[in-house]
Amino acid sequence: MQFRKSWIMALALTSVVALSACGNSNNGGNNAAATNTPTENSGSGAELSGSILASGSTALQPLVEQAAESFMDANSGVDIQVQGGGSGTGLTQVAEGQVDIGNSDVFAEEKLKDADAEKAAALVDHQVAVVAIAAVSNPDAGVDNLTKQQLVDIFTGKITNWSEVGGADQAIQIINRPSSSGTRATFEAFALGTKTEDLQGSVQEDSSGTVKKMIGETPGAIGYLALSYLDDTVKTLNYDGVEPSVDNVVSGEYPVWAYQHMYTNGEPNEVVKAFLDYMLTDEVQNGDVVDLGYIPANAMQVSRDVEGNVTTK
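Residue numbers run consecutively from 1 along every chain, following the written order of its sequence. Two thresholds apply to this predicted model, a pLDDT of at least 70 for residue-level local features and 80 or more for giving and counting side-chain atom pairs, whereas whole-chain, interface and lining totals are computed over all residues. Side-chain metrics in this entry use all non-hydrogen atoms of the structure; hydrogen atoms and water are not considered.

1. A word on the overall build of the protein
So, point 1. Helices and strands together make up the secondary structure of the protein, namely 11 helices and 14 strands.
So, point 2. Every one of the 313 residues in the protein was classed for burial, and the buried ones make up 44%.
So, point 3. We call two residues in contact when some of their heavy atoms are within 4.5 Å. A separation of at least 24 residues holds for 74% of the contacts in the protein among residues at least 6 apart in sequence.
So, point 4. Residue exposure ignores everything except the shown protein chains as possible cover, and the areas themselves are Shrake-Rupley values with a 1.4 Å probe. Total accessible area on the protein is roughly 14,900 Å²; 49% of this is exposed by carbon and sulfur atoms. Starting at the N terminus, helices and strands are each numbered in turn, a helix being any DSSP run of H or I of at least four residues and a strand any DSSP run of E of at least two. Each residue is assigned to one of three classes by its accessible area relative to the maximum for its type, calculated with a 1.4 Å probe on protein chains only: buried under 20%, partly exposed between the two thresholds, exposed over 50%.

Here it is, written out as structure tokens:
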């Protein structure tokens, strides 16, 4: 009888060990798969679930959209919606809790001033890339380079024909951005060195994609775009003889650039943090960022503070 009890106990113990080993094998397989994708949730192995709404800079929008697609592919329980509207819109909406992430080409302290200073102070900055802005024209304008003063004179209405800057005898049509645009703020700050008024007859467009389309199709048009939008439908103009290339931005020789910020209102929740962490992975920084014409922030040889001061790293 004693032998029978011992045999039963041994058999039960063997079954428990076998089941435990099987369970460990399955868990190990799941964890191994997670390490090869952006699904890892702070090492917990738990599956992410939730939604993220981002809005703001259209200059940053292509990068966030592309990264979001990859992130959602690896995290089926997460839904990410990315909207444009301009940096001012993104910052205002995230400050008011309407969106989870406010995408911006400018520092929040720079855009949300005076009455909104307290709102700006509550926002947490996540810098995910650098973007350069280039002046662009319709290909038939006949110009390759504009000086800073020529650009100022064009955007303030002193120069109204391309022939005045060595181009075709054609009226200049300005395609501008609204005052809420971070791309406009960057261009005015670092290309023009001054804010400008909206001239009568100029056109304002929110979307970088629409701006590119209009410049390419409108005789005499001029505007400005992030390097990530440039193609042969528009003519990219040198600035004071300096080409708006990645190498010239990294070295600090080309001055019209800005950090790309993804702001949250306070510290982000688990799902938003996982996505922001993914934005800073090698996969995105050395993949999507470079492929789409942005520059990894850590590749810059110079840095710029909120006041616009540039220092060598």
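2. Topic: the pairing of strand β5 (residues 127-137)
So, point 1. By the criterion of burial, β5 is predominantly enclosed, with 10 of the 11 residues buried.
So, point 2. At least two bridges found by DSSP between two strands is the condition for calling them paired. With five bridges joining them, β5 and strand β12 (residues 257-265) adopt antiparallel strand pairing. Note that in β12 the partner of Val130 across the bridge is Tyr259.
So, point 3. Examined bridge by bridge, β5 and strand β9 (residues 221-226) share five bridges and lie antiparallel to one another. When the sheet's bridge partners are listed, Val136 is paired in β9 with Gly223.

3. Some thoughts on the packing of helix α2 (residues 61-74) against helix α11 (residues 282-291)
So, point 1. A fitted line through C-alpha atoms serves as each axis, taken over the contacting stretch for helices, and the angle formed by two N-to-C directions is quoted from 0 to 180°. Interaxial distance between α2 and α11 falls to 10 Å at its minimum, and their mutual angle equals 125°. Taken together, the axes of α2 and α11 lie oblique to each other. Where α2 crosses over α11, the two elements pack in a sense that is right-handed. Of the residues in α11, those touching α2 at Leu63, Gln66 and Ala67 are Val284, Asp288 and Val289.
So, point 2. Here the nonpolar group is Ala, Val, Leu, Ile, Met, Phe, Trp, Tyr, Cys and Pro; Asp, Glu, Lys and Arg are the charged ones; every other residue, Gly included, is treated as polar. Here the residues of the contact of α2 with α11 are counted per class, giving four nonpolar, one polar and one charged. Reported orientations rely on four angle classes, namely roughly parallel under 35 degrees, roughly antiparallel over 145, roughly perpendicular from 65 to 115, and oblique for the rest. Should the near helix be turned anticlockwise from the far one by less than a right angle, the crossing is left-handed, and should it be turned clockwise, the crossing is right-handed.

4. Things to note about the pattern of salt bridges
So, point 1. By salt bridge we mean one thing: a side-chain nitrogen of Lys or Arg within 4 Å of a carboxyl oxygen of Asp or Glu. Within the structure shown, the criterion is met by seven salt bridges.
So, point 2. Its salt-bridge partner being Glu188, residue Arg184 comes within 3.0 Å of it at the nearest N-O pair. With Arg184 and Glu188 both in helix α7 (residues 182-192) and four residues apart, this pair spans about one turn of that helix. The pair formed by Arg184 and Glu188 is uniform in burial state, with each residue classed as buried.
So, point 3. Between Glu217 and Lys213 there is a salt bridge, with the nearest N and O atoms lying 2.7 Å from each other. Residue Glu217 and its partner Lys213 are both found in helix α8 (residues 208-217); the two are separated by four residues, about one turn of the helix.

5. Here we look at the packing of aromatic side chains
So, point 1. The pairing test for Phe, Tyr and Trp rings, Trp by its six-membered ring, is centres within 6.5 Å, and the orientation test on the planes gives stacked under 30 degrees, edge-to-face over 60, and tilted for anything in between. Across all of its chains, the model carries eight aromatic pairs by this definition.
So, point 2. Taken together, a centroid distance of 6.3 Å and an interplanar angle of 75° make the contact between Phe107 and Tyr259 edge-to-face. Remark: Tyr259 occurs in strand β12 and Phe107 occurs in the loop between β3 (101-104) and α4 (108-111); sequence separation between them is 152 residues. There is no split in this pair, since Phe107 and Tyr259 are both buried.
So, point 3. By the ring-pair criterion, three or more aromatic residues cluster together here, those being Phe71, Phe275 and Tyr278.
So, point 4. Consider the ring centre and the ring normal. A charge sits over the ring if Lys NZ or Arg CZ is within 6 Å of that centre and within 35 degrees of that normal. It is Arg304 that lies over the ring of Phe190; its NZ or CZ is 3.6 Å from the centre.

6. Description of unusual backbone geometry
So, point 1. One non-glycine residue, Asp240, lies in the positive phi region at around 50°.
So, point 2. You can see Asp240 is positioned in the loop between β11 (238-239) and α9 (246-251).
So, point 3. Judged by relative accessible area, Asp240 falls into the partly exposed class, the value being 43%.

7. Observations regarding the nonpolar core
So, point 1. Counting residues in hydrophobic clusters, the biggest one holds 87 residues, and the most contacted among them are Phe187, Ile222 and Phe275.
So, point 2. With nine residues, β5 is the single largest residue contributor to this core.
So, point 3. Setting aside anything within four residues of it in sequence, one finds Phe275 in contact with Ile52, Val64, Ala67, Ala68, Phe71, Ile80, Ile101 and Met262. Remark: nonpolar core denotes a set of buried residues (Ala, Val, Leu, Ile, Met, Phe, Trp, Tyr, Cys) joined through side-chain atoms within 4.5 Å.

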